[in-house]
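Commentary on secondary and tertiary structure
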Amino acid sequence: DQQVKQNSPSLSVQEGRISILNCDYTNSMFDYFLWYKKYPAEGPTFLISISSIKDKNEDGRFTVFLNKSAKHLSLHIVPSQPGDSAVYFCAATPYGGATNKLIFGTGTLLAVQP
Amino acid sequence: EAGVTQFPSHSVIEKGQTVTLRCDPISGHDNLYWYRRVMGKEIKFLLHFVKESKQDESGMPNNRFLAERTGGTYSTLKVQPAELEDSGVYFCASSQLSQPLHFGNGTRLTVT
């Protein structure tokens, strides 16, 4: 029973446009959410996070939006660059970020076309 | 600073054999985690060390898996005997306090 779902296995976007990656969760106890980026043959790297007390967090070209009532979060990348091509994992935890015992989604492969 | 190092990067073994994976966390990181990704699915938590103590091993699949962290430094994950369903990529990650995880590049285990 997957508690974190990324329903789009892949996404293709033109360079310079906006990439929107989506994530849904089922556990209402989740209160801290993270996005990780993974290149082939490498481990995931932390990208951005958001606490459930916020609905938006921004870091440069990356913005995460959280809709608690819909149990939905999204990652916006603008403008998208070819180097952003990677697998993006959404993750969640009910421990407020105090621990890194995370529940991950299955990932979305983003391809940014030059 | 050096990142999280995992060895080997790949391992191919036969069903019934034993394999030991090693992880060297970032120096000074008390928290060490093992995760596994099977067949392109989600990355799943296996266990969490704080220094040399197992804080949470609720994600360990069964008693064929044994993790240790000698002296609170490097960690090993032994699978004995290996089964076909143990194939996947095993990630080690470390962190300090509640900071985000730093992952290693993983060990790709194939059991034939």
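The following refers to the structure shown. This structure is a prediction, so every number in the text was calculated from the model and none was measured. (Residues numbered from 1 in each chain as written. Chains lettered and ligands numbered in written order. Predicted model: local features only at pLDDT ≥ 70, side-chain atom pairs only at ≥ 80, totals over all residues. Heavy atoms only, no water.)

Brief notes about the overall build of chain B
Secondary structure assignment for chain B yields zero helices and 11 strands. Listed N to C, the secondary structure of chain B is β-β-β-β-β-β-β-β-β-β-β in terms of helices and strands. Computed over C-alpha atoms, the radius of gyration of chain B comes to 13 Å, within 12% of the 13 Å expected from 2.2 N^0.38 for 112 residues, which places it in the range of a compact globule. The buried share among the 112 residues of chain B stands at 48%. Contacts spanning at least 24 positions in sequence make up 50% of the contacts within chain B whose residues lie at least 6 apart. As displayed, chain B offers around 5,600 Å² of accessible surface, 48% of which is attributable to carbon and sulfur atoms. Averaging the coordinates of the 12 positive side-chain charges in chain B and doing the same for the 12 negative ones gives two points 4 Å apart. (Helix = DSSP H or I, 4+ residues; strand = E, 2+ residues; numbered from the N terminus. Rg over C-alpha atoms; globule rule 2.2 N^0.38 Å. Buried < 20%, exposed > 50% of the residue type's maximum accessible area, 1.4 Å probe, protein only. Contact = heavy atoms within 4.5 Å. Areas by Shrake-Rupley, 256 points an atom, 1.4 Å probe, with all protein chains shown as cover. Lys, Arg positive; Asp, Glu negative; His and termini not counted. Charge placed at Lys NZ, Arg CZ, Asp CG, Glu CD.)

Some points on the sheet that holds strand β7 (residues 65-69) of chain B
Residue and element names in this part refer to chain B. Spatial ordering of the open sheet is given by β1-β3-β8-β7, a layout of four strands whose pairing is antiparallel. Sheet topology places β1 (5-7) and β7 at the edges, where each strand pairs with a single neighbour. Direction aside, the axes of adjacent strands within the sheet are offset by 15° on average. For β1 and strand β3 (residues 19-24), the ladder comprises three bridges, and the chain directions are antiparallel. By the bridge assignment for β3, Thr5 is matched with Asp24. (Pairing = 2+ DSSP bridges. Axes fitted to C-alpha atoms, helices over the stretch in contact; angles between N-to-C directions.)

Some points on the state of the cysteines
All names here are of chain A. Taken as a whole and assessed by the stated rule, the structure comprises two disulfides over all chains. Two residues, Cys23 and Cys90, share a disulfide whose sulfurs are 2.1 Å apart. Disulfide Cys23-Cys90: torsion about the S-S bond near -75°, hence left-handed. In this pair, Cys23 is assigned in strand β3 (residues 19-25) and Cys90 in strand β9 (residues 86-93), connecting sequence segments 67 residues apart. (Disulfide = S-S within 2.5 Å.)

Structural notes on the side chain of Asp84(A)
Tracing the backbone shows Asp84(A) in the loop between β8 (72-77) and β9. With near-sequence residues (within four places) excluded, Asp84(A) lies in contact with Lys37(A), Arg61(A), Phe62(A), Ile77(A), Pro79(A), Leu110(A) and Val112(A).

So, the pairing of strand β4 (residues 31-37) of chain B
Residue and element names in this part refer to chain B. For β4, the tally of buried residues reaches seven of seven residues, placing the bulk of the element in the interior. On β4, burial covers both faces: Asn31, Tyr33, Tyr35 and Arg37 on one face and Leu32, Trp34 and Arg36 on the other are all buried. Of the strand pairs in this sheet, β4 and strand β5 (residues 43-50) are connected by seven bridges, and their pairing is antiparallel. Bridged to Leu32 within β5 is Phe49. The antiparallel pairing of β4 with β5 creates a hairpin that spans five residues between the two strands, and Met39 there sits at a positive phi of about 45°. Pairing of β4 with strand β9 (residues 88-95), which is carried by seven bridges, proceeds in the antiparallel orientation. Each residue of the ladder has a partner; that of Arg37, found in β9, is Val89.

Brief notes about a nonpolar patch on the surface
All names here are of chain A. There is a patch of nonpolar side chains on the surface, built from Ile18, Ile20 and Val78 and spanning about 230 Å² of accessible area. With respect to the helices and strands, the residue Ile20 is situated in strand β3. When its relative accessible area of 37% is taken as the criterion, Ile20 is described as partly exposed. (Patch = residues over 30% accessible without salt bridge, like charges linked within 9 Å, V, L, I, M, F, W, Y side chains within 5 Å. Salt bridge = Lys/Arg side-chain N within 4 Å of Asp/Glu carboxyl O.)

Brief notes about the interface of chain B and chain A
With 20 residues of chain B at the interface, the matching set in chain A holds 18 residues. For the pair chain B and chain A, the summed buried surface comes to about 1,500 Å²; carbon and sulfur atoms form 57% of the total. Broken down residue by residue, the surface that chain B buries against chain A is led by Glu42(B), Ile43(B) and Phe103(B), which jointly contribute 30%. Linking chain B with chain A are one salt bridge. (Buried area = accessible area lost by both parts, 1.4 Å probe.)

Regarding the side chain of Ser75(B)
Residues and elements named next belong to chain B. Its place among the elements puts Ser75 in strand β8 (residues 75-79). Exposure remark for Ser75: the relative accessible area of 0% places this residue in the buried category. Residues within four places of Ser75 in sequence aside, it is in contact with Leu21, Arg22, Cys23, Leu32, Trp34, Phe49, Glu68 and Arg69.

This is a description of form; function is not addressed.
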